[in-house]
Amino acid sequence: RCSSVLLENERKQILIDPGVSYDEMKILLDERCGKKIEDIDYVFFTHLHGDHRVDALKYENAVLYANSLEIQELRMSGEEKELAARLLPVNDVSFSGVRPVWLPGHTRGCTGLAFESKYGPSLVAGDSVMTEDFFLRETGYFNSWDFDVTTETIQGIKQKYRLIIPGHDIFF
């Protein structure tokens, strides 16, 4: 299961990479954050692999975002037509202090969200950084789109961010 993150900014709730069922997410949001799933304003997908978009269409009150390259590939595949129709491109969107950052390598359109935290510049990296071990080795997971690009992306992340939330691990 992937790392799911809830960012709150100016009373807006941004759920990133819902990696559990809608019903399980409902419980987790209540228990860990004191939030209701119906109050999620935006669902952001770092990329569109299935483990990062579990029950995506059930977030009926939320606006769904992904990188335009990810949306294009989903539409070209002919799969998940309803999801493809609901997705909006995040490329030029700013969530008031939270900004999208293109992080290619794991997929062509892998995109994270950058923000300031008490630790300094912070990044929800999705699978561009699978785990801390992959980060330290500057390498991608076996199913990465381009391993060389992944290495370049991780090197760039190392230069810019102090807190990393990887795709499948706790933050570091």
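Reading guide: rules and limits
Throughout, residues of each chain are indexed from 1 in the direction in which the sequence is written. It should be noted that, the model being predicted, local features are given only for residues of pLDDT at least 70 and side-chain atom pairs only at 80 or more, the latter also being counted only at that level, while totals for whole chains, interfaces and linings use all residues. Note that the side-chain values use all heavy atoms of the structure and ignore hydrogens as well as water. Each helix is a run of H or I in the DSSP string that is no shorter than four residues. Each strand is a run of E no shorter than two, and both are numbered from the N terminus. As used in this structure description, the phrase polar contact means that two N or O atoms lie within 3.5 Å; if the pair is within protein, one of them must be able to donate a hydrogen and the other to accept it, and residues adjacent in sequence are counted only when both atoms belong to side chains. In this description, contact between two residues means that some pair of their heavy atoms is separated by no more than 4.5 Å. DSSP calls a pair of strands paired once it identifies at least 2 bridges connecting them. Axis definition: a line fitted to C-alpha atoms, limited for helices to the stretch in contact. Angles are taken between N-to-C directions and run from 0 to 180 degrees. A helix is expected to reach a length of 1.5 Å times the quantity of its residues less one. A 1.4 Å probe rolled over the protein chains alone gives each residue an accessible area, and that area as a share of the maximum for its type sets the label: buried under 20%, exposed over 50%, partly exposed in between. Think of the arc as the fan of directions from the helix axis to the C-beta atoms.

Draft legend 1. Structural context of the side chain of S128. Inspection of the secondary structure assignment puts S128 in the loop between β8 (120-126) and α4 (132-137). At 2.6 Å, the side chain of S128 forms a polar contact with the backbone oxygen of A125. Residues within four places of S128 in sequence aside, it is in contact with L103, H106, C110, T150, T153, I154 and I157.

Draft legend 2. Up close: the sheet that holds strand β3 (residues 42-44). Overall, mixed pairing links the five strands, which are arranged β1-β2-β3-β4-β5 in an open sheet. The two strands at the open ends of the sheet, each matched to only one other strand, are β1 (5-9) and β5 (87-89). This sheet shows a mean twist of 30 degrees between the axes of neighbouring strands, independent of strand direction. Sitting on the sheet, helix α2 (residues 68-77) touches β4 (63-66) and β5, and the angle it makes with β5 is about 140 degrees.

Draft legend 3. Broad picture of the sheet that holds strand β7 (residues 111-117). Spatially, the four strands line up as an open sheet ordered β6-β7-β8-β9, and their pairing is mixed. Edge positions in the open sheet fall to β6 (99-102) and β9 (163-166), since each of these has one partner strand only. Adjacent strand axes in the sheet meet at a mean angle of 30 degrees, parallel and antiparallel pairs treated alike. The pairing of β6 with β7 spans four bridges and is classified as antiparallel. Each bridged residue has a counterpart across the sheet, and for W102 the counterpart in β7 is T111.

Draft legend 4. Expanded view of helix α5 (residues 147-160). For α5, with 14 residues, the first-to-last C-alpha span of 20 Å sits near the 20 Å given by 1.5 Å per residue. Taken as a whole, α5 has its buried residues at T150, T153, I154 and I157. One side of α5 holds all its buried residues, which, seen down the axis, span an arc of 100 degrees. What points out from α5, more than 90 degrees from its buried face, is the exposed set D148, E152 and Q159. Here the buried face of α5 lies against β8, α4 and β9. Its side-chain oxygen at 3.0 Å from the backbone nitrogen of D148, D146 defines the N-terminal cap of α5.

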